[in-house]
Amino acid sequence: MREAAHPQPRLHLVAIIPCLDEEANLQALLPLLLPAVDGVIVVDNGSRDGSVAFAEASGSMVEYEPCRGYGAAVRRGLARAAASGAEIVAIIDADAGAVLPSLRAVAKQMIDAKADLALGARCSSNGNSLPSHVLWGNRLVLALAWLLAGGRFADLGPLRVARLPALLGLGLRDPAFGWNLEMQVRAVWQGLRVVEVPVDWTPRPYGRSKSSLSLKGSAQAGFGLLRCSARLLAERRKLA
């Protein structure tokens, strides 16, 4: 008599969304995202609109991070995810368009490849293309990642899926937009298994980007990334 196959346990996936005045984007994103994951953590970074009220009304968990910065908000969300028992986390920008197909594809690729970290790499198959200043800035940062760690990446994209213990083990410290660069560099340093998955890029449906779709925001993000690169380079030299 053949033994009944035991179903594989479902992985506990929690999405983390750093948030600063993103009410309209959350209204578009959360109704689609909440049924697809085990939980959503919206980390408010000082919003003055109705972001927090909508997130709470939607059934999302809400955390508050008083220190401004993308990295600071993500760290707060990771701590809450760990306390909730999450095994896998998806870190999603609040303005990420068409996120559900991308999230499923990126998470599936990570699991199928038995990877620790899967990165959504923006592509233009849907006819959208990144603004030129964002494209060239992205290439500069990716070149820095190659110089710092020898890792060749296609993008610093808007969607990352990771096994939580592996991500926490990186000891990420950057409080601002350098967090993504630090994550990818340290992942290479520590020998994590990393895969990149092409995802369609869609312009944010509402509001203005904090970092990429204005020259001022791009300059501020670029300065933060260069500062993060300098710190990582100094650390690498100490270890050499």
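A quick note: this is a predicted structure, and the numbers were derived from the prediction, not measured. For every chain, the first residue of the written sequence is number 1, and numbering continues from 1 along that sequence. Selection of residues for local features in this predicted model requires a pLDDT of at least 70, selection of side-chain atom pairs for listing and counting requires 80 or more, and totals for whole chains, interfaces and linings are taken over all residues. Side-chain numbers here rest on the full set of heavy atoms in the structure, without hydrogens or water.

Asker: Looking at this structure, I do not really get the overall build of the protein chain. What am I missing?
Answerer: Note on conventions: DSSP H or I runs of at least 4 residues are helices, E runs of at least 2 residues are strands, and numbering of each starts at the N terminus. Check the secondary structure of the protein chain and you find eight helices and seven strands. Classification of residues uses two cut-offs on accessible area relative to the type maximum, computed with a 1.4 Å probe and protein chains only: under 20% is buried, over 50% is exposed, and between them is partly exposed. Here the protein chain, with 240 residues, has 48% of them falling under the buried criterion. Contact definition: two residues touch when any of their heavy atoms are within 4.5 Å. Sequence separation of at least 24 residues holds for 75% of the intrachain contacts in the protein chain that already meet a minimum separation of 6. Summed over all atoms, the accessible surface of the protein chain reaches about 12,100 Å², with 58% contributed by carbon and sulfur. Areas reported as accessible are Shrake-Rupley estimates using a 1.4 Å probe. Residue values count occlusion only from the protein chains shown.

Asker: How should I be thinking about the nonpolar core in this particular structure?
Answerer: Soluble globular proteins: nonpolar side chains tend toward being buried together. Among the buried residues, those of types Ala, Val, Leu, Ile, Met, Phe, Trp, Tyr and Cys that are joined through side-chain atoms within 4.5 Å form a nonpolar core. Among the nonpolar cores identified, the biggest contains 34 residues, and Leu78, Ala81, Val89, Leu167, Trp179 and Met183 are the most heavily contacted of them. Among the nonpolar cores identified, the runner-up in size contains 30 residues, and Leu26, Ala55, Ala94 and Leu159 belong to it.

Asker: Would you explain the pattern of salt bridges in this entry?
Answerer: Side-chain pairing between opposite charges can occur once the charged atoms of the two side chains come close. A side-chain nitrogen of Lys or Arg and a carboxyl oxygen of Asp or Glu constitute a salt bridge if their distance falls within 4 Å. On inspection of all chains with the given rule, the structure shows 10 salt bridges. Residue Glu63 pairs with Arg80 through a salt bridge whose shortest N-O separation is 2.6 Å. Taken together, the positions of Glu63 in strand β3 (residues 61–64) and Arg80 in helix α3 (residues 70–83) put the pair 17 residues apart, joining distant regions of the chain. A salt bridge links Glu235 to Arg173, with the shortest nitrogen-to-oxygen separation between them at 3.5 Å. Residue Glu235 is found in helix α8 (residues 215–239), and its partner Arg173 is found in the loop between α6 (164–168) and α7 (178–189); the two are separated by 62 residues along the sequence.

Asker: Even after reading the chapter, I still don't get the pairing of strand β1 (residues 13–19), so can you show me in this structure?
Answerer: Looking along a regular strand, one sees the side chains alternate between the two faces of the sheet. Taking burial as the measure, the seven residues of β1 include seven buried ones, the bulk of the element. Going residue by residue along β1, you find Leu13, Ala15, Ile17 and Cys19 tucked away on one face and Val14, Ile16 and Pro18 tucked away on the opposite face as well. Any two strands are treated as partners once DSSP identifies two or more bridges connecting them. As defined by bridge partners, β1 adjoins strand β4 (residues 88–92) across four bridges and the pair is classed as parallel. Looking across to β4, one finds that Ala15 is bridged to Ala90. Note that β1 and strand β2 (residues 39–44) share six bridges and pair parallel. Note that in β2 the partner of Ala15 across the bridge is Val40. Place the viewer so that the strands point away; then a crossover is right-handed whenever the path from the first strand over the helix to the second strand goes clockwise. At this point the chain moves from β1, through helix α1 (residues 23–33), to the parallel β2, and the crossover so formed is right-handed.

Asker: Just checking my understanding: could you explain the confidence of the model for the protein chain for this structure?
Answerer: Detailed reading of the predicted model is not advised wherever pLDDT is low. A residue-level look at the protein chain finds 79% of positions with pLDDT of 70 or above and a mean pLDDT of 83. Each residue carries a pLDDT score, the predictor's confidence in it, ranging from 0 to 100. For the stretch residues 1–9, pLDDT sits under 50, and the model shows zero contacts to residues farther than four places along the chain or on other chains.

Asker: Even after reading the chapter, I still don't get the packing of α1 against helix α2 (residues 51–58), so can you show me in this structure?
Answerer: What describes two packed helices is the angle between their axes and the distance between those same axes. Working convention: axes come from line fits to C-alpha atoms, limited for helices to the stretch in contact. Angles between N-to-C directions cover 0 to 180 degrees. Interaxial distance between α1 and α2 falls to 9 Å at its minimum, and their mutual angle equals 15°. Between α1 and α2, the angle falls in the class roughly parallel. Remark: the crossing between α1 and α2 carries right-handed chirality. Counted together, Glu23, Leu26, Gln27 and Leu30 of α1 and Ser51, Phe54, Ala55 and Ser58 of α2 form the full contact between these two elements. Any angle that falls under 35 degrees is termed roughly parallel, while one over 145 is termed roughly antiparallel, one within 65 to 115 roughly perpendicular, and all others oblique. Crossing chirality is assigned from the near helix's rotation relative to the far helix, an anticlockwise turn below a right angle marking it left-handed and a clockwise turn marking it right-handed.

Asker: What exactly am I supposed to notice about α2 here?
Answerer: What sets the pattern is the α-helix's 3.6 residues per turn: residues three or four places apart point alike. Turning to α2, its buried residues number three or more, namely Ser51, Val52 and Ala55. Viewed end-on, α2 has its buried residues packed into an arc of 95°, placing them on one side of the element. Where α2 is buried, its residues meet β1, α1, β2 and β3. Positive backbone phi, approximately 100°, marks Gly59, located one or two places after α2. The directions considered for the arc are those from the helix axis to the C-beta atoms.

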